[in-house]
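# Breakdown of the fold
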Amino acid sequence: KYTLRMRMSELEPLLPASFVRCHHSFCVNMEQVTELRRFCFRLKSGREIPVSGRRFAETKERYLAFLGSQL
């Protein structure tokens, strides 16, 4: 774990393309995602990360594009 003192809006542009901001408080590395369900990601660790309703459509689109690029 890392602790950073910056706004998510400042951090987002610094992250690799495999990261998606799925919630006001969460950016997720899609390489660690095993499943996208309605309003949450399930990670390889078993943890569930919320996906906000406002960001769900864009998050789903980016995740499906990511999966397609992995083929």
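The next thing to look at is the sheet that holds strand S4 (residues 40-43). Taken together, three strands build an open sheet; the order of strands is S3-S4-S5 and the sheet is antiparallel. Strands at the two margins of the open sheet, each flanked by one partner only, are strand S3 (33-37) and strand S5 (48-50). Adjacent strand axes in the sheet meet at a mean angle of 25 degrees, parallel and antiparallel pairs treated alike. Pairing geometry for S3 and S4, over four bridges, is antiparallel. Residue Glu-35 lies in a different strand from S4, and its bridge partner there is Arg-42. Along the sheet, helix H2 (residues 56-69) contacts S3 and S4; its crossing angle with S3, the most-contacted strand, is approximately 140 degrees.

On to the layout of surface pockets. For the largest pocket, the calculated volume is near 710 Å³. Taken together, the elements giving at least two residues each to the lining of the largest pocket come down to helix H1 (8-11) and strand S2 (26-29). When residues of the lining of the largest pocket are assigned to their parent elements, the largest contribution, four residues, is made by S2.

Summed over the entire model, instances satisfying the criterion amount to two aromatic pairs. A ring pair is formed by Phe-39 and Phe-56, whose centres lie 5.5 Å apart and whose planes are at 55 degrees; its orientation type is tilted. Of this pair, Phe-39 sits in the loop between S3 and S4 while Phe-56 sits in helix H2; the two residues are 17 residues apart in sequence, bridging distant segments of the chain. One cation-aromatic arrangement involves Arg-38 over Phe-56; the distance from NZ or CZ to the ring centre is 4.4 Å.

All right, on to the side chain of Arg-55 then. Among the secondary structure elements, Arg-55 is positioned in the loop between S5 and H2. The buried charged residue Arg-55 lacks any salt bridge, with Glu-12 as its nearest oppositely charged partner at 5.1 Å. Setting aside its immediate chain neighbours within four residues, Arg-55 contacts Arg-21, Cys-22, His-23 and His-24.

Procedures and definitions
- Residues numbered from 1 in each chain as written.
- Predicted model: local features only at pLDDT ≥ 70, side-chain atom pairs only at ≥ 80, totals over all residues.
- Heavy atoms only, no water.
- Pairing = 2+ DSSP bridges.
- Helix = DSSP H or I, 4+ residues; strand = E, 2+ residues; numbered from the N terminus.
- Axes fitted to C-alpha atoms, helices over the stretch in contact; angles between N-to-C directions.
- Contact = heavy atoms within 4.5 Å.
- 1 Å grid on protein atoms, 1.4 Å probe; cavity = no way out; pocket = protein on both sides within 12 Å on 5 of 7 lines; lining within 4 Å.
- Points joined across faces, edges and corners; volume = space filled by probe spheres on them.
- Phe/Tyr/Trp six-rings, centres within 6.5 Å; stacked < 30°, edge-to-face > 60°.
- Lys NZ or Arg CZ within 6 Å of the ring centre and 35° of its normal.
- Buried < 20%, exposed > 50% of the residue type's maximum accessible area, 1.4 Å probe, protein only.
- Lys, Arg positive; Asp, Glu negative; His and termini not counted.
- Salt bridge = Lys/Arg side-chain N within 4 Å of Asp/Glu carboxyl O.

These figures capture arrangement, not role.
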